[in-house]
Amino acid sequence: MDNGQNTPVRAVVEIFGKTYTLVSGHSADYAQEIADDVDRRMAVVAAEMNLADTTKIAMMAAMEIADELLRTRECRRELLLSAKKAGDKLKMTVVEAGE
């Protein structure tokens, strides 16, 4: 992801038929990977919802991406909580075994 140099990297990408120049601290390949995902999601939204308005398509794709992000964060939170509980249980078992 990170280009390892803190140097801004320019990447020219195409999303839904429009060309954009992105500047970030990530590699051009990473920027292209993100652009490809956004492009694919917009194409799916346009086809499934029979939309032609690019702004509406982009907004619906953004909503799907945000939903996925929030669900992933919640899943991560639950996994971390589960791991903490398992770790606490293991500690108790080790303490009890040492008594």
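Because the structure is predicted, anything quoted here is derived from the model rather than measured. Just so you know, the residues in each chain are numbered from 1, in the order the chain's sequence is written. Side-chain atom pairs in this predicted model are given and counted only at pLDDT of 80 or more, local residue features only at pLDDT of at least 70, and totals for whole chains, interfaces and linings cover all residues. Note that the side-chain values use all heavy atoms of the structure and ignore hydrogens as well as water.

A look at the pattern of salt bridges
Okay, so step 1: Any Lys or Arg side-chain nitrogen found within 4 Å of a carboxyl oxygen on Asp or Glu counts as a salt bridge. Inspection of every chain in the model, using the stated rule, returns six salt bridges.
Okay, so step 2: Note that Arg41 is salt-bridged to Asp37, the shortest N-O span being 2.8 Å. One end of the pair is Arg41 and the other is Asp37, both in helix 1 (residues 28-49) and four residues apart, which spans about a single turn.
Okay, so step 3: Looking at Arg41, the relative accessible area reads 12%, which means it is buried.
Okay, so step 4: Working definition: with a 1.4 Å probe on protein chains only, accessible area under 20% of the residue-type maximum means buried, over 50% means exposed, and in between means partly exposed. Residue class for Asp37 comes out partly exposed when judged on its relative accessible area of 26%.
Okay, so step 5: Here Arg77 makes a salt bridge to Glu74, at a shortest N to O gap of 2.7 Å. Of this pair, Arg77 and Glu74 are both found in helix 2 (residues 54-98), three residues apart, which corresponds to roughly one turn of the helix.
Okay, so step 6: Exposure remark for Arg77: the relative accessible area of 45% places this residue in the partly exposed category.
Okay, so step 7: Each of the salt bridges in this network shares a partner with another, and the network as a whole consists of Asp37, Arg40, Arg41 and Glu68. The helix count covers DSSP runs of H or I at least four residues long, the strand count covers runs of E at least two residues long, and both are numbered beginning at the N terminus.

With respect to helix 2
Okay, so step 1: Helix span, expected: 1.5 Å multiplied by one less than the number of residues in the helix. End to end, helix 2 covers 65 Å across 45 residues, agreeing with the expected 66 Å (1.5 Å per residue, within 8%).
Okay, so step 2: The term polar contact refers here to a pair of N or O atoms within 3.5 Å; inside protein, the definition further demands a hydrogen-donor-capable atom paired with an acceptor-capable atom, and it admits residues adjacent in sequence only when both atoms are side-chain atoms. Sitting at the head of helix 2, Asp53 places a side-chain oxygen 2.9 Å from the backbone nitrogen of Thr55.

Re the nonpolar core
Okay, so step 1: Within the largest apolar cluster, ten residues are counted, these being Ala11, Val13, Ile15, Ala31, Ala35, Met42, Val45, Ala46, Ile57 and Ala61.
Okay, so step 2: At the level of secondary structure, the elements contributing two or more residues to this core comprise strand 1 (9-15), helix 1 and helix 2.
Okay, so step 3: Per element, the largest residue contribution to this core is five residues, and it comes from helix 1.
Okay, so step 4: Apart from the residues within four sequence positions on either side, Ile57 is in contact with Phe16, Met42, Val45, Ala46, Leu51 and Ala52. Only buried residues count toward a nonpolar core, which is a set of Ala, Val, Leu, Ile, Met, Phe, Trp, Tyr and Cys residues joined through side-chain atoms within 4.5 Å. Only heavy atoms matter for contacts: two residues are in contact if any of them lie within 4.5 Å across the pair.

Quick notes on helix 1
Okay, so step 1: The end-to-end C-alpha distance of helix 1 is 31 Å, a good match for the 32 Å that 22 residues give at a rise of 1.5 Å each.
Okay, so step 2: Among the residues making up helix 1, those that are buried are Ala31, Ala35, Arg41, Met42, Val45 and Ala46. Mapping the buried residues of helix 1 onto a view down its axis gives an arc of 135°, with all of them on the same face. Residues of helix 1 that are exposed and point over 90 degrees away from its buried face: Asp29, Glu33, Ala47 and Glu48.
Okay, so step 3: Considering only its buried residues, helix 1 is in contact with strand 1, strand 2 (18-24) and helix 2.
Okay, so step 4: The first or second residue beyond helix 1 is Asn50, which carries a positive phi of 55°. Throughout, the arc means the angular range of directions from the helix axis out to the C-beta atoms.

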